[in-house]
Amino acid sequence: MAAPSEGDTASLLPDLPGGPLQAYRARASFCWKELALFLEGEDMLRLKKSIFSALEDDPLFARSRGHELSLEKHRELTFLRCKRVLERALLRVEDMVRNPQSVLTLITCLGTYDWSLAQKCLLHLLVFGFAIYKSGSERHLEYLPKILNMEIFGCFAVTEVSHGSNAKAIRTTAHYDPATEEFILHSPDFEAAKFWVGNMGKTATHAVVFAQLYTPGGRCHGLHSFLVQIRNPKTLLPMPGVMVGDIGKKLGLNGVDNGFAMFHKVRIPRQALLNQTGDVTPEGTYVTPFKDAKQRFGESLNNLSIGRAIIVAMSVVNLKLAVSIALRFSATRRQFGPTDEEEVPVLEYQTQRWRLLPYLAAAYALDHFSKWLFLNLAEFQQGLMGTDRGTRQAELGREIHALVSGSKPLASWTAQRGIQECREACGGHGYLAVNRLGDLRNENDPNCTYEGDNNVLLQQTSGYLLGLLELRLQGGARLDSPLGTVDFLEAYPDILDQRFSRPSVAGCSESSVPLAAYEWLVCYLLRESVQKVNQEKRSGNSDFEARNNSQVYRCRSLALAFLELTVVRTFHEYVHQPSVPPPLRAVLQRLSALYALWSLNQHTALLYRGGYFSGEQAGKMIENAILDLCAQLKDDAVALVDVIAPPDFILDSPIGRADGELYKNLWTAVLQESQVLERASWWAEFSASKTHVESLKSRL
């Protein structure tokens with residue numbers, strides 16, 4: 001790609017305003033615009049700018065201060081904004097197909113502004129729409145234009161009241177009636193009601209509903225998806241036999257109307273079955289291209305992998321927003337100093353740097369990983385929609401499933417901890433709602449549980465690793481994978497014999513050092529997990545009990561360590577590639593090393609217990625290297641934030657604005673709150689009541 005001209009760069013990345021942050025910007029070791037261009041590319045920067053500008057220039061998206069919307073108004077506004085986004089065609093379908101990363105950019109840009117809006121668009125356009133496109137066939141293509149112009153509005157209904165993670169046990173049924181060529185959709189009781197379904201509460205007219213498919217004779221063919229009309233598009237009244245409603249207010253994301261639905265013997269045409277993985281003939285015969293029922297089941301739930309990969313990116317965005325706010329605040333908030341007359345920015349304090357800069361490094365590392373993962377997932381999906389059913393495609397599917405299942409917990413938990421640290425690092429000002437950190441915390445929170453509970457998903461990742469090792473031990477098959485994330489396990493026995501040996505702190509401040517330690521750690525935890533599972537089986541426990549009793553301290557830790565290693569490795573390789581411009585190499589490699597060492601430091605006890613570390617110097621070297629890297633990155637922190645922070649209108653945090661005028665912006669925001677200088681509205685009534693009571697007392 002040719003380098004953009006100076007004029008192009010200025011239009012894509014306008015100069016930031018002067019002010020108190022300028023002192024740190026002047027000390028940066030690199031040009032923030034050059035780093036932004038390298039990380040994003042001109043096309044993605046242009047797309048981001050067009051989305052952000054469209055939102056800022058449209059009065060419908062104006063920020064409102066001083067009053068809270070009612071639940072009903074909040075949902076109405078979010079729906080209208082979703083409609084406007086689709087009307088504006090901020091991203092054309094052909095662009096999505098040509099460059100899948102643009103899809104991720106659209107969702108994350110909308111979420112940077114408001115996650116309720118992003119979720120509503122995501123659920124309708126990508127989750128619902130893509131499910132029909134991918135799981136259906138030619139007979140379902142007629143619905144795609146209706147989705148794009150919002151003639152119909154959709155949702156994706158898997159979860160039930162009594163079943164979430166265990167999708168196989170879903171109890172909604174679809175019995176085929178050959179006499180009428182219809183399926184009879186039925187919820188046997190409230191426990192089988194579809195629940196937590198985004199968009200279903202008030203606005204969805206259609207749903208992709210998962211149910212157990214039965215053919216005549218009572219044979220169950222497992223979980224399948226059906227396109228079901230649940231409301232009249234003109235009146236939004238429920239269709240006959242459908243009970244549908246809103247589940248009420250949540251801790252956050254209240255612009256999204258999560259709902260429930262129950263079906264009482266609702267008849268839907270045979271063609272409503274999304275028949276990519278299985279179909280029923282008019283006479284009632286079940287046909288499927290899959291010989292393996294497990295493979296067909298996995299294929300039918302493949303949409304969940306897309307959702308989980310997007311949740312990884314959503315979590316990263318929340319972390320990026322939080323560290324942007326906290327670091328700009330820390331660079332302008334002055335407290336104490338060497339003398340009573342001189343106060344210094346709190347970013348100058350070692351503790352503040354140690355609290356925040358590792359999360360800045362995590363935001364960069366996880367951001368690169370989430371894009372890498374999404375693009376590989378998109379390639380896999382394109383293969384599935386074609387005719388590729390080869391061995392490599394199957395291996396790629398298993399590897400991506402393990403990565404997606406483990407990366408959602410890693411990213412959402414890292415963001416959860418990071419947002420809380422940023423909130424506390426901003427003191428009382430971080431607790432003020434107008435500064436947005438509270439909203440970020442609440443809106444990131446569901447990332448830890450929806451599309452699969454984090455702790456349950458980690459079992460998918462550890463199961464993949466244990467299965468690979470078992471195959472290796474049984475038949476001597478090579479341990480490799482299409483994306484190369486497990487190739488290091490080929491040297492499994494040799495890696496376990498390695499020990500930490502690094503003569504100096506400076507030697508530790510390079511991401512290859514924690515990379516080697518992580519490989520040992522994963523091999524150690526893999527061995528420990530296998531031994532624990534086998535011990536449980538020898539004790540007479542079933543496979544189910546053996547797996548269940550091996551999660552804590554073994555399989556769970558194995559899955560997280562493997563994902564941390566994968567993030568460390570992908571970012572390490574990215575920042576050490578020859579194409580990195582020389583002025584950017586030092587800062588990127590410091591970020592890579594800091595994330596790797598900081599993540600590894602959480603496993604110090606295991607490194608000592610397993611014998612990789614010995615003596616107190618090993619642990620001290622890691623800690624001192626972390627502190628040294630934080631000190632080296634301190635002067636670059638504001639410029640690094642400038643690369644990832646959105647425009648002020650989108651960031652919407654007075655203490656995080658680009659001009660750094662902390663107190664001026666805070667004062668303006670406080671004054672915009674309604675009735676801030678007025679007497680409490682309830683005081684007159686209270687005062688009159690108090691006077692009445694005193695009058696009665698005087699008469700007694």
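Computed from a predicted structure; not experimentally measured. (Residues numbered from 1 in each chain as written. Predicted model: local features only at pLDDT ≥ 70, side-chain atom pairs only at ≥ 80, totals over all residues. Heavy atoms only, no water.)

Participant: Explain the overall build of the protein chain to me, please; I cannot follow it from the model alone.
Facilitator: Looking only at helices and strands, the protein chain features 28 helices and 13 strands. Taking 27 Å as the expected radius of gyration for a compact globule of 700 residues, we find that the protein chain reaches 28 Å, a close match to that expectation. With the principal axes as the frame, the protein chain shows a C-alpha extent of 90 × 85 × 70 Å. The burial tally for the protein chain puts 55% of its 700 residues in the buried class. (Helix = DSSP H or I, 4+ residues; strand = E, 2+ residues; numbered from the N terminus. Rg over C-alpha atoms; globule rule 2.2 N^0.38 Å. Buried < 20%, exposed > 50% of the residue type's maximum accessible area, 1.4 Å probe, protein only.)

Participant: What exactly am I supposed to notice about the environment of Y359 here?
Facilitator: One can find Y359 in helix 12 (residues 350–385). Separated by 239 residues in sequence, Y359 and W598 place their C-alpha atoms 9.3 Å apart. Look past the residues within four positions of Y359 in its chain and what remains in contact with it is L319, V323, T414, R417, G418, E421 and W598. (Contact = heavy atoms within 4.5 Å.)

Participant: What is the right way to look at a nonpolar patch on the surface in this model?
Facilitator: Where nonpolar side chains cluster on the molecular surface, the patch consists of V93, V97 and L148 and spans about 250 Å² of accessible area. Mapped onto the elements, V93 comes out in helix 6 (residues 93–98). Residue class for V93 comes out partly exposed when judged on its relative accessible area of 40%. (Patch = residues over 30% accessible without salt bridge, like charges linked within 9 Å, V, L, I, M, F, W, Y side chains within 5 Å. Areas by Shrake-Rupley, 256 points an atom, 1.4 Å probe, with all protein chains shown as cover. Salt bridge = Lys/Arg side-chain N within 4 Å of Asp/Glu carboxyl O.)

Participant: Mind showing me how you'd approach the UniProt feature "active site" (unreviewed entry) in the protein chain here?
Facilitator: According to UniProt, the positions carrying the feature "active site" (unreviewed entry) are E451. Here E451 shows up in the loop between helix 15 (437–444) and helix 16 (454–475). With residues near it in sequence (within four places) discarded, E451 still touches L304, R308, I311, K408 and L457. (UniProt positions renumbered as here; feature names shortened; annotations may be inferred.)

Participant: So what exactly am I meant to see when it comes to the packing of aromatic side chains here?
Facilitator: Two measures describe an aromatic ring pair: the distance that separates the ring centres and the angle between the ring planes. Taken as a whole, this structure holds 19 aromatic pairs when the rule is applied. Centroid distance F130 to Y133: 6.2 Å. Interplanar angle 45 degrees. Geometry classified as tilted. Remark: Y133 and F130 occur in helix 8 (residues 115–135); sequence separation between them is three residues, near one turn of the helix. The class of Y133 is partly exposed, set by a relative accessible area of 44%. Ring centres of F183 and F226 lie 5.0 Å apart, and the angle between their planes is 70 degrees; this geometry places the pair in the edge-to-face category. (Phe/Tyr/Trp six-rings, centres within 6.5 Å; stacked < 30°, edge-to-face > 60°.)

Participant: Hey, could you run me through the pattern of salt bridges in this one?
Facilitator: Summed over the entire model, instances satisfying the criterion amount to 31 salt bridges. Put simply, K320 and D367 hold a salt bridge, and the shortest N to O gap is 3.6 Å. Here D367 lies in helix 12 and K320 lies in helix 11 (residues 303–332), a separation of 47 residues in the sequence. Per residue, the accessibility class of K320 equals that of D367, and both read buried. A network of salt bridges, in which partner residues are shared, links E40, K48, K320, D367 and K371.

Participant: Quick question: what am I supposed to make of helix 13 (residues 391–425) here?
Facilitator: Three- or four-residue spacings in an α-helix give side chains the same orientation, since the helix completes a turn every 3.6 residues. Helix length check: helix 13 (35 residues) gives 50 Å between terminal C-alpha atoms against 51 Å at 1.5 Å per residue, within 8%. G427, located one to two residues past helix 13, shows a positive phi value of around 60 degrees. (Expected span 1.5 Å × (residues − 1).)

Participant: I would appreciate a short explanation of the pairing of strand 2 (residues 173–177) in the present structure.
Facilitator: Across a regular strand the side chains alternate sides, sitting on one face of the sheet and then on the other. Counting buried positions along strand 2 gives four out of five residues, so the element sits mostly inside the fold. As defined by bridge partners, strand 2 adjoins strand 3 (residues 182–186) across five bridges and the pair is classed as antiparallel. Note that in strand 3 the partner of Y176 across the bridge is F183. Taking the residues between adjacent antiparallel strands as the criterion, strand 2 and strand 3 are bridged by four residues, where E181 takes a positive phi near 55 degrees. By the bridge criterion, three bridges tie strand 2 to strand 5 (residues 206–215) in an arrangement that is parallel. Of the residues in strand 5, the one forming a bridge with T173 is Q212. (Pairing = 2+ DSSP bridges.)

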